[in-house]
2 protein chains.
Amino acid sequence: MVKINENYGQLQGSYLFSTIAKKVSEYTDAHPEKKIIRLGIGDVTRPLTGSVISSLHKAVDEMADEATFRGYAPDLGYDFLRHAICENDYRARGCRIDEDEIFVSDGAKPDSGNIQEIFANDNKIAVCDPVYPVYVDSNVMSGRCGQYDKETGRYRNVLYMDCTPENGFVPSIPKESADIIYLCFPNNPTGATVKKDELQKWVDHANENGSVIIYDAAYEAYIKDADIPHSIYECSGARECAIELHSFSKNAGFTGLRLGYAVVPKDIVRSGVSLRDLWARRHATKYNGAPYIVQRAGEAVYSAEGKKEIQGLIDYYMDNAAYIREGLKKAGYTVFGGENSPYIWLATPDNMTSWEFFDHLLHSANVVGTPGVGFGSCGEGFFRLTAFGSHENTREAVDRICSM
Amino acid sequence: MVKINENYGQLQGSYLFSTIAKKVSEYTDAHPEKKIIRLGIGDVTRPLTGSVISSLHKAVDEMADEATFRGYAPDLGYDFLRHAICENDYRARGCRIDEDEIFVSDGAKPDSGNIQEIFANDNKIAVCDPVYPVYVDSNVMSGRCGQYDKETGRYRNVLYMDCTPENGFVPSIPKESADIIYLCFPNNPTGATVKKDELQKWVDHANENGSVIIYDAAYEAYIKDADIPHSIYECSGARECAIELHSFSKNAGFTGLRLGYAVVPKDIVRSGVSLRDLWARRHATKYNGAPYIVQRAGEAVYSAEGKKEIQGLIDYYMDNAAYIREGLKKAGYTVFGGENSPYIWLATPDNMTSWEFFDHLLHSANVVGTPGVGFGSCGEGFFRLTAFGSHENTREAVDRICSM
């Protein structure tokens, strides 16, 4: 008799964004005449840029011709893409990363869910609270989180690092040590960022304790301030303790195209084994590469023209972020994030819970956001809006919220 | 101090196809003048067909326009694709499969590696020997296979089902019962097929024991004979015990485009939980969907024109299969498969081991095949050739082998 993975029974409710989708669809079914504006799930709305579209068409044509057709991709991803990543995201920033430490994937979400597989199940993880749910849920599925405690809304074997207005949503280094530390800056959901000297302390802490940091850099393209690091490898010693995850979703709008990469340096060695080799084995065995045409699209992002276009996309969304931030402030909301990040994190008014404010916003303004508590108990009383809408919708949404 | 997943230490050597790639690259570096013909890894060589190319271009154009741009895909895959799959691969064959039981993915390899995650780690798996390595390796990584025994070349906690010339490479139902049974017909690597009444016995066995069958149907498009089932759901009771995996790689040449799907019927219920819901949760949490443009390409495969073109591809490769089969037979080889399958499985001559024959073929004929022993100890003394080359290369390879 087959036995199911009982750890799934510890998962709470369904995946946050699926729940939101259901609530919205119930509302629109009941009110088909209402125009809903979605600033909830972090999905982009701008079309792909000219260079990306051209490279896709060109690559599709290659797939139509026997002489240029491409079948299975190389295990780590195509050289042309790993080279472009290495040059632009690392060497240009003075970080030493080798091309065979870069693993092209179909996005930072799968990577952030799968990376825990190369670690033993009795490691203790530390996460920020609030946190992107995939980090915790993927560890729950592997049995690493222990029992869920309904009173606290937390798993008993997870080390939660509170992120609050008091600490600027950047946690202090915990006194209790964890084996695997998940960090994400610019942060999803709070939009908080970390300065290089602060991040250096995390790297030093990890090296002192033999911990590994999973550093989610999916939003680094939104950083404007010079003292905020784009990569954890800007810190010394990070090659010995940090895995970094990247996405093409938020800089280049690839949410529907699916492309990302993980960096696993050869210098992270534990029990005599290089984590880079473990991840290479996992990658080769359980994954089969991103589509050739999508890898070519990724390459285009790093072309001179591509870079200009991507900057245009980021400026577009950051215009929205500023509009949301300033508009809500004027209306009396307490607002965080939105400066080096596409996420605006606001305190719900009138002591409303996050879900109460979600329902209120959906019903009164027909605007969809994300309840902060969906990201953890410290997110209760907060709410996330994203800058990924169109200018028109974003302005209309903010105006509606302000006149509620 | 972080602990690594020690199960990885039980994995044997590196992944079969990576090893082959290394051997071939060493040979070509030393002999750059030699023309290597690759009939090893099961990668296709024909370009994508006209309908698929058109649909890709069209979908790329949609991604360039704000009004038709698509971001994150629905969790299970786009309705248009799941509908086409359901109609053509199931309803047309009289199988009852619902559209919400179909999970679009980036291929049968990731699905076959990931599917074990929804089961407890103390289940016992049964696999054919020889077997596609991913089934075993993904279970080794989860700690389900026990110690590796160098003498037997087998993991101690895996139930191996011998596939030999005596049983036509279709194993008998084992007396010892297993919890998870992996079956693949038409088989990779042996090219063996199973008739419907034989497959029905496996379904009955699984239902009697509460086992689950993972049925890999990646090669079903190559079936010509009417008494060979294309889907396990042609057998009665399969909705209660079988998960089926499909690929667009081998019928439509999507090895470089990446598309597949898994079917997990709602009727497989264990410990009161539907496996369909577990897989949905896994899918939503750790995966983010196949690219929109690739899902549109998949839809095109089911159009009237698309079906004709796909049949053309299959006929092309099956011409190769016949040429390899007949050529090698005439040259005195003992040959299996290649009739309802793109794989030809041959007995190595002169008591050579599989790897000896691999080296012999590489050095004497400059032809790359796959050593049978790479698929399990019962594969020792056998060798796999694939029909996925061009006509010209396949003919030349066979002629070279015959004149060795």
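Reading guide: rules and limits
Residues numbered from 1 in each chain as written. Chains lettered and ligands numbered in written order. Predicted model: local features only at pLDDT ≥ 70, side-chain atom pairs only at ≥ 80, totals over all residues. Buried ≥ 20, exposed ≤ 12 C-beta atoms within 10 Å, placed from the backbone. Helix = DSSP H or I, 4+ residues; strand = E, 2+ residues; numbered from the N terminus. Pairing = 2+ DSSP bridges. pLDDT = per-residue confidence, 0-100. Contact = placed C-beta atoms within 7 Å. Nonpolar A, V, L, I, M, F, W, Y, C, P; charged D, E, K, R; others polar. Least-squares fit on C-alpha atoms with pLDDT ≥ 70 in both. Domains from an automatic or database assignment.

### Structural notes on the pairing of strand β7 (residues 180-184) of chain B
Residues and elements named next belong to chain B. Within β7, five of the five residues are buried, which leaves it mostly tucked inside the rest of the structure. Taking every second residue as pointing to the same face, both faces of β7 are buried, with Ile180, Tyr182 and Cys184 on one and Ile181 and Leu183 on the other. In terms of strand pairing, strand β3 (residues 125-129) meets β7 through two bridges, oriented parallel. Across the sheet, Ile125 pairs through a bridge with Ile180, a residue of β7.

### A few points about the confidence of the model for chain A
Looking at chain A as a whole, its pLDDT mean stands at 96, while 100% of the residues score no less than 70. This complex was scored by the predictor with a pTM of 0.96 and an ipTM of 0.96.

### Side note on the interface of chain B and chain A
With 70 residues of chain B at the interface, the matching set in chain A holds 70 residues. Those elements that provide at least two residues to the side of chain B that touches chain A are α2 (50-63), α4 (108-114), α5 (133-141), α8 (275-286) and α9 (292-301) of chain B. Here the residues of the side of chain B that touches chain A sort into 34 nonpolar, 18 polar and 18 charged.

### Overview of the relation of the copies chain B and chain A
Between chain B and chain A, the superposition needs a rotation of 180° and an axial shift of 0.0 Å, giving an RMSD of 0.0 Å. The transformation relating the two chain copies, once decomposed into turn and shift, fits a two-fold axis. For chain B, the minimum C-alpha distance to the rotation axis belongs to B:His57 and amounts to 3.1 Å. Of the residues that chain B buries at the interface, 100% are likewise interface residues in chain A, meaning the two copies contact each other through the same surface.

### Comments concerning the environment of B:Ala252
All names here are of chain B. Considering the arrangement of structural elements, one finds Ala252 in helix α7 (residues 249-252). The spacing of Ala252 and Ile310 is 58 residues in sequence and 5.7 Å in space, taken between C-alpha atoms. Aside from chain neighbours lying at most four places away, what touches Ala252 is Val52, Val301 and Ile310.

### Things to note about the domain arrangement of chain A
All names here are of chain A. Each assigned domain of chain A is listed with its residue range as follows: domain 1 (6-46 + 305-402) and domain 2 (53-303). Placing the centre of domain 1 and that of domain 2 at their C-alpha centroids yields a distance of 24 Å. With 35 residues of domain 1 in contact, the opposing surface of domain 2 contributes 43 residues. Ranked by residue count, the leading element in the side of domain 1 that touches domain 2 is helix α10 (residues 304-330), at seven residues. Taken together, the residues of the side of domain 1 that touches domain 2 sort by class into 16 nonpolar, 14 polar and five charged.

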